[in-house]
Amino acid sequence: MNLPLAASSGEGQSSPRPWVLPSRALTVYYGCPEMPRLSHYFLPRVLLAEKRILYLDGANQVSPLLIARFARQRGLEPSAFNRFIRVSRAFTCFQLTELIRRVPKVLATFDPNVLIVTALPDLFFDEDVRDREARASFEHALEGLREIAPLPISVAVFSDATSYKAKRRDFLQRLCKEANEVVKVESRPGDELSFTREKAAPLLSV
């Protein structure tokens, strides 16, 4: 997927600065299948400001090559960006929940300004996981997000949940209810994207 060059206005509140993360907020981005990869395009602005990112990759999509390309496009060595980002991967919903719950402990050794989470709640749609266990794990993940909420950190969740025909689609509704901001991202002709802010809070930007 090429870098989206424009953001067209959708119905409701269109975002004037679509690649900017709100600070000290939980923001949910959802709406198109490319959401995990699109999370990368929020990184350069944060990394150029020498702010730290903790990336919990439930979608197994984080691309060191793409991040390195961002650095080179700006005349920097990849190490200039790499030293400000830490990645932890999760392959099951239980692993992702555990990573979220561990964030307060991570702060003792790595103090991030931004927390990015991909595949929440997507990983919890796994039909091999019993509904009761999936729901319990998801509740623990939400509890973890609530513990992070008072911290001076921007939390951005990138979800492809709407691509799934799953019985647990209410998980996305629950997540959006917890969020300070919710942004729906949709593909448009000409390799453009629309960013529609469905829920907003008057917060600063990262």
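This text follows the structure it describes.
Residues numbered from 1 in each chain as written. Predicted model: local features only at pLDDT ≥ 70, side-chain atom pairs only at ≥ 80, totals over all residues. Heavy atoms only, no water.

Q: Before we move on, could you go through the overall build of the chain and cite the residues and values that matter?
A: From N to C terminus, the chain includes 7 helices and 9 strands. Out of the 206 residues belonging to the chain, those deemed buried represent 49%. A separation threshold of at least 6 residues defines the contact pool for the chain, and within that pool the share at least 24 residues apart is 76%. Working note: accessible area of the chain is about 10,400 Å², and carbon and sulfur atoms make up 49% of it. (Helix = DSSP H or I, 4+ residues; strand = E, 2+ residues; numbered from the N terminus. Buried < 20%, exposed > 50% of the residue type's maximum accessible area, 1.4 Å probe, protein only. Contact = heavy atoms within 4.5 Å. Areas by Shrake-Rupley, 256 points an atom, 1.4 Å probe, with all protein chains shown as cover.)

Q: Can you lay out the pattern of salt bridges for me, pointing to particular residues and giving the numbers?
A: For the structure on display, the rule yields 13 salt bridges. Put simply, Asp57 and Arg89 hold a salt bridge, and the shortest N to O gap is 3.9 Å. A residue pair is termed long-range when its members are at least 10 positions apart, and Asp57 in strand β4 (residues 53-57) and Arg89 in strand β5 (residues 85-89) qualify at 32 residues. Its relative accessible area of 40% is what places Arg89 among the partly exposed residues. Measuring nitrogen to oxygen at the nearest pair gives 2.7 Å for the salt bridge that ties Glu178 to Arg146. With Glu178 in helix α7 (residues 170-178) and Arg146 in helix α6 (residues 131-148), this residue pair connects regions lying 32 residues apart in the sequence. A single salt-bridge network, built from bridges that share partners, covers Asp131, Arg135, Arg168 and Asp170. (Salt bridge = Lys/Arg side-chain N within 4 Å of Asp/Glu carboxyl O.)

Q: Tell me about the nonpolar core, and please be specific about residues and values.
A: Leu56, Leu96, Ile100, Leu115, Leu120, Phe124 and Leu145 are the most contacted members of the largest nonpolar core, which totals 36 residues. Put simply, the parts of the chain that give this core at least two residues each are β3 (26-30), β4, α5 (93-106), β6 (114-118), α6, β7 (154-159) and α7. The greatest single-element share of this core, amounting to 6 residues, is contributed by α6. Among residues more than four places away in sequence, those in contact with Phe124 are Cys93, Leu96, Thr97, Ala134, Ser137, Phe138, Ala141, Arg168 and Phe171. (Core = buried A, V, L, I, M, F, W, Y, C linked by side-chain atoms within 4.5 Å.)

Q: Just give me the short version of the pairing of β7, but keep the residues and values in it.
A: Most of β7 is tucked away, with 6 of its 6 residues classed as buried. The alternating pattern of β7 places Ser154, Ala156 and Phe158 on one face and Val155, Val157 and Ser159 on the opposite face, and all of these are buried. Bridging between β3 and β7 involves 5 bridges; their strand directions are parallel. Bridged to Thr27 within β7 is Ala156. (Pairing = 2+ DSSP bridges.)

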